[in-house]
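Letter by letter, the chains look like this.
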Amino acid sequence: MELRDCVDGLMGQARSDLAELVAIPSVADPRQYPAEECARAAQWVLDAFAAIGFTDAHLAETADGSQAVVGSRPCADPEAPTVLLYAHYDVQPPLDEEAWRTPPFELTEVGDRWYGRGTADCKGNIVMHLTALRALGDDVPVNLKLVVEGSEEQGTGGLEDFVPKHADLLRADAILVCDTGNAAVGHPAATVSLRGMVNVVVSVEALASEVHSGMFGGPAPDALAALIAILGTLRDSDGNTTVAGLENDQVWTGEVYPEDQFRSDAGVVEGASLLGSGAVSDMLWARPSLTTLGIDCPPVVGSAAAIPPTARARLNLRIPPGTEPAAAEKALREHLVAAAPWGVHVTVETEATGSPFRAETGGPAYRAIASAMEEAFGRPMVSLGQGGSIPLCNVFAETYPGAELILIGVEEPLALIHAPNESVHPQEIADMALAEALFLQRLSR
Ligand SMILES: [Zn+2]
């Protein structure tokens, strides 16, 4: 039978599998959901992959207490390439349950999509892996490894810690990091660029304590006014991020993010302009951006007629591939100190930094996935960026410098991952499973 017909014939099972997985509220936070739910999801994944030849599949505890499902399935030719399949079984909490139009933990078909928490992120990708492998049956000409982690959404880093400590267990020539998605339904894409970040807290001190704004206001240095002046130097009048010493005119060369789609995805209010002098994809994927995440200052209710003696702000700087986190951190710290007016005291504390990521796209695995995607979807695969980070990609890249990382999956923009009313388009599962199966066949040649 043709591979495509095999996949189509397996979609009933894909749906019932996904329904079983979605019914398990595997939110990896015991304060919100019992830990047994994650244990049930892990066992479900283990059993499903054990049944298709991952006979050594087992649970591996990671540093944050979560369990990763790990396994392997060698092929007859030990010289054949090894492919590591990645996904995660934990999900985001449902958030505002009132905003859901269907029960979050019950797969529900509405129109042409399947709704439910995790239908796309990332249980849809687990079912994609299963469907691809079932379609291939015993005809898998590469060595397979598997890791399905249990704490991706919490950011507690269990697998990031585990990978370097068990490097041989997961070592592979190509890694399918299946936790992203296509440009749109039916428009195949690989994510090739992720931004890194620098988080700092900047504190301003100007007076020994509060003083009356009538008796002292005018000559007395005002910490909040100084902080606002400092923050004001971080954007120019077009809205470009302007950190002294950081390049901010890079251009994105992959698929374009249409402006009207971005406006609607981001919920930009009527009449507001998009920031920056570049296109959406330049601003989002190729250039730095700075966001003030929080400000400590007197809240409106309870504030008095007094000059704030101190103020502080928490800043998040996103940095594109090509910018080193250490260099960006240094530039940001020096900028903040230099921008302080009136000799007020400024201190900058770094909370965290993370590296950007750019996939190497010139190798045999990339050629194989590009040709597999084109055959499965009937149109060429494009390159996308992502404005956020996937720290695990940096860990994979550092631990396995020769491996090709391929970021794909069923989480296209309409999936609304992390939001209420998450859904997946079943045709994306079918087409991506077909692409994955074709990829595994082609990589061996
Ligand atoms: Zn995910």
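As the structure is a prediction and not an experimental result, all values here were calculated from the model.

**Observations regarding the overall build of the protein**
In step 1: When you go through the protein residue by residue, the secondary structure sums to 13 helices and 18 strands.
In step 2: Structurally, the protein occupies a C-alpha span of about 85 × 45 × 45 Å along its principal axes.
In step 3: For the protein, with 445 residues in total, the buried portion stands at 54%.
In step 4: Long-range contacts, defined here as pairs at least 24 residues apart, represent 81% of the contacts in the protein between residues at least 6 apart.
In step 5: Accessible surface, the protein as shown: approximately 19,200 Å² in total, 52% of it carbon and sulfur.
In step 6: One finds the centroid of the 27 positive side-chain charges in the protein at a distance of 2 Å from the centroid of its 62 negative side-chain charges.

**Some words on unusual backbone geometry**
In step 1: Of note, the amide linkage connecting Asp121 to Cys122 takes the cis form, showing an omega dihedral of 10°.
In step 2: Considering the arrangement of structural elements, one finds Cys122 in the loop between strand S5 (113–115) and helix H4 (123–136).
In step 3: In this model, Leu95 sits at a positive phi of 65°, which is unusual for a non-glycine residue.
In step 4: If you trace the backbone, Leu95 turns up in the loop between strand S3 (82–88) and strand S4 (108–110).
In step 5: In this model, Leu416 sits at a positive phi of 50°, which is unusual for a non-glycine residue.
In step 6: Structurally, Leu416 is set in the loop between strand S17 (404–408) and strand S18 (423–424).

**Quick notes on the sheet that holds strand S14 (residues 345–354)**
In step 1: Ordered by their spatial adjacency, four strands build an open sheet running S11-S13-S9-S14, and the pairing between neighbours is antiparallel. Each of the sheet's edge strands pairs with one partner strand only, and the pair in question is strand S11 (289–296) and S14. Ignoring which end each strand starts from, the neighbouring axes of this sheet average 20° apart.
In step 2: Of the strand pairs in this sheet, S11 and strand S13 (residues 310–319) are connected by seven bridges, and their pairing is antiparallel. Across the sheet, residue Ser289 finds its bridge partner in S13, namely Arg318.

**Examining the domain arrangement of the protein**
In step 1: Under the domain assignment, the protein is made up of domain 1 (3–194 + 356–443) and domain 2 (196–250 + 287–354).
In step 2: If you average the C-alpha positions of domain 1 and of domain 2, the two centres end up 39 Å apart.
In step 3: Of the residues lining the interface, eight residues belong to domain 1; the matching set on domain 2 comes to ten residues.
In step 4: Interface area lost by domain 1 to domain 2 is led by Pro356, Arg358 and Ser389, which between them contribute 73%.
In step 5: Joining domain 1 to domain 2, the criterion identifies zero salt bridges.
In step 6: For the interface between domain 1 and domain 2, the tally reads zero residue pairs in polar contact (both at pLDDT 80 or more).
In step 7: Those elements giving two or more residues to the side of domain 1 that touches domain 2 turn out to be strand S8 (189–194) and strand S15 (357–358).

What counts as what
- Residues numbered from 1 in each chain as written.
- Predicted model: local features only at pLDDT ≥ 70, side-chain atom pairs only at ≥ 80, totals over all residues.
- Heavy atoms only, no water.
- Helix = DSSP H or I, 4+ residues; strand = E, 2+ residues; numbered from the N terminus.
- Buried < 20%, exposed > 50% of the residue type's maximum accessible area, 1.4 Å probe, protein only.
- Contact = heavy atoms within 4.5 Å.
- Areas by Shrake-Rupley, 256 points an atom, 1.4 Å probe, with all protein chains shown as cover.
- Lys, Arg positive; Asp, Glu negative; His and termini not counted.
- Charge placed at Lys NZ, Arg CZ, Asp CG, Glu CD.
- Pairing = 2+ DSSP bridges.
- Axes fitted to C-alpha atoms, helices over the stretch in contact; angles between N-to-C directions.
- Domains from an automatic or database assignment.
- Buried area = accessible area lost by both parts, 1.4 Å probe.
- Salt bridge = Lys/Arg side-chain N within 4 Å of Asp/Glu carboxyl O.
- Polar contact = N/O pair within 3.5 Å; in protein donor to acceptor, adjacent residues only side chain to side chain.

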